[in-house]
Amino acid sequence: MVEVRTEAPLHPNNEHYARLTGPAAIANGGWDGVRASAGGRMRLSLFARTDAPTAIEVQASGGAAVGDLAVEAGGWQRVELDLEAAAVGRGELRLAVPAGATVDVDAVSLRPIGTDGEPLTFRPDLLAALQDLKPSFIRFPGGCLAHGYGLDNMYHWKRTIGPRHEREQIRNVWGYHQSRQIGYVEYFELCLATGATPVPIVAAGVCCQNSPGGPHPIPESDMDDYIQDVLDLVEFANGGTDTPWGAKRAELGHPEPFGVRYLGIGNEDQITDDFRDRYARIEDAVRAAHPEITVIGTSGPQPFGPDYEAGWAYARERGTPMVDEHGYQIPRWFHQNIDRYQAYDPDEAKVYIGEYAARSNTVRSALAEAAYMIGLERRPEVVRLASYAPLLARAGHTQWTPDLIYFNADEVLPSASYHVQQMFGSERGTRVHAVELEGVQPVPVVLPRQGRALLRSDRATVAFTDVRLDGHRLPDVITRADGEGVLLGGIDPGAAELEFEAVQQDGIEGFTVVLGPEAPQSHLAVNIGGWQNKSTAVARSDDGIGENDDGPLPWRGIRTGEPLRVRIRLDGPRVQVWVDGELRHDYEQDLRPEQRVVAGVLSRDPLSNGTGEYVVRLVNATATARTAAVAVPDGTGPVAADVRLLAGAGPDEGRPHEASPVTPADSRVEGDGGFDLELPPWSFATAVVRPLG
């Protein structure tokens, strides 16, 4: 018999444990099975409690490794067993107790043993993939984990250090379990292992605005303690061993400081009065106690919209030194925004782009990111930090696309975007140079000439009545959670009007109105009651890749059985959406041309002969092969260029949970005063140019 019990737990932070009354067994399948290689060694560690001496029978990886774990009579005790796999295997970790024995079990851990004889914290192949990126910094804990789904779900760093069995385990805002086996100490160790500067993120005194009831503030009575926790984090990272938290760091094996230089306060927060109050008090305390720390503020979840505007206005008001912008967008947006930061004032707060990615794992998205990153490099006096997100994803167990590095039990599966990031990280410069790009024209962006109106409700049944399309009355329709949708008729995407009454009959979300031609052509999707029925938004899709174009804006949600009046008007690039008479969205679609061929030039420290060494980056995100004639400054003479080229796949190749369809290839070219570089369709090249002496 196996029971889950709570009486006299191993530690108050984790009240549940398993009681096995033999004959009984308990098993864990891991993530698609626990993998073992022949001769590979693993250490099983757990806490056990029993009234009489017994032995737990252990099988790992489908029986590839077996052994017996002795448990003495008495209270909770840590016991360990080293296992060696006799064969390649993958399967469950199984613990069994014999008849007549009763054993309580908790905090079970099975980890590979490294060359030093100790269990590994990080998978060597994943660590190598991160090291190959040559990251300047790593952000942690990242995203909405920091401010959590409600006040009780906030990420408190002190609960993630010390013995692993004492760490608080919780479900996170994304709905899955956080064991905290990787906490703040392991995070700092990862930074040490990769040579990266830590950039910790703490909540700004409010929980995530998507929490039930909205972004609740930390109670006034708890704010002083919370602020002290933030200050203690800086002391834990940087303080001498003569300070309380510096001493704690040393006790955990790290007498030397971790060297934190940045601290993010908040993540994609709604800029409310409660946010302003709590944020200001935290920032003031950090800047007063630690003037050496650069504080990073926040500007909402999108690179536009109400919270973006309010976040930047508040940063200017306070003189916040750096602001965190986020931007998950379609590839077209990145090509339209190469020069986005040319308009920013370098005398204002600097920019940290804490999360960005073009919304797919295709080559098209990777090249759009490369073009955008060249634009970031052009404005170092404005953009100081930028980090692709998310970083790691277990293949087959994700809720999000894209991710930079997928992995399974056997291998690492880097995306095309990973190779772009690696090409930028491995070759950097110290000075930006102006680029004259000749023979290249931007790609125009125009509205489609024809399309259709379609109603869809993927997670609900919705009845639509009094439907009027461009003034014509249409029959009543019902949409269901089958993904099919109902076609209303053809429209002119530049001049259309749709109005109807909607009633949700059952389900958990609202509905979507699709306006424009079918994918992969450009179209809009108006979402009413999207993402947990908490918002309205207008999304745009190009090349089969979609993302919000305006919003999401917080909303009360659709209510079962309650009529809802919706009106949508398209007038050229202008989009207007009314819900029950309220104008929810009113904006103009971005029709600026795309920069699909982009170049950047950096230089590094001068060589011994005084001639510069250059890093040239070139993106060709078009279907046409091009020859780039690269000219170096007069007087340089013969040069050689070590070229790394990412090419050979179509723009729509590349899928989540798979390795990139293309990897970089190296070559070398030479020339007198310059060289020609062949750029295949859909390619990215980095060339390091050195004089031939």
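That block above? That's the structure.
A short tour of the structure in this document, coming up.

Thresholds applied
Residues numbered from 1 in each chain as written. Predicted model: local features only at pLDDT ≥ 70, side-chain atom pairs only at ≥ 80, totals over all residues. Heavy atoms only, no water. Axes fitted to C-alpha atoms, helices over the stretch in contact; angles between N-to-C directions. Helix = DSSP H or I, 4+ residues; strand = E, 2+ residues; numbered from the N terminus. Left-handed = near helix turned anticlockwise from the far one by under 90°. Contact = heavy atoms within 4.5 Å. Nonpolar A, V, L, I, M, F, W, Y, C, P; charged D, E, K, R; others polar. Buried < 20%, exposed > 50% of the residue type's maximum accessible area, 1.4 Å probe, protein only. Pairing = 2+ DSSP bridges.

**Brief notes about the packing of helix α3 (residues 220-238) against helix α5 (residues 273-289)**
Thinking step 1. Following both chains from N to C, one finds α3 and α5 inclined at 35°, their axes separated by 10 Å at the closest point. Where α3 crosses over α5, the handedness of that crossing is right-handed. Counting all contacts with α3, which are made through E220, M223, Y226, I227, V230 and L231, the residues of α5 involved are R278, R281, I282, A285, V286 and A289.
Thinking step 2. The residue makeup of the contact of α3 with α5, split by class, is 9 nonpolar, no polar and 3 charged.

**Let's talk about the pairing of strand β31 (residues 511-516)**
Thinking step 1. Burial analysis of β31 places 6 of its 6 residues in the buried class, the great majority of the element.
Thinking step 2. Pairing between strand β25 (residues 451-456) and β31: 5 bridges, direction antiparallel. Each residue of the ladder has a partner; that of R452, found in β31, is G516.
Thinking step 3. Count of turn residues in the β31/strand β32 (residues 523-530) antiparallel hairpin: 6 residues.

**Notes on the environment of Q181**
Thinking step 1. Looking at the element boundaries, Q181 is found in the loop between β14 (177-178) and α2 (184-194).
Thinking step 2. Along the primary structure Q181 and R456 are separated by 275 residues, whereas in three dimensions their C-alpha atoms are 42 Å apart.

**With respect to the pairing of β32**
Consecutive side chains of a regular strand alternate in pointing toward one face of the sheet and then the other.
Thinking step 1. Of all 8 residues in β32, 8 are buried; the element is thus mostly enclosed.
Thinking step 2. Note: β31 against β32, 5 bridges, orientation antiparallel. Across the sheet, the residue bridging to V514 is A525, located in β32.
Thinking step 3. Pairing geometry for β32 and strand β33 (residues 535-542), over 7 bridges, is antiparallel. Counted as the bridge partner of A525 is A539 from β33.
Thinking step 4. Hairpin geometry of β32 and β33 is characterised by an intervening segment of 4 residues between the two adjacent antiparallel strands and by a positive phi of about 40° at W531.

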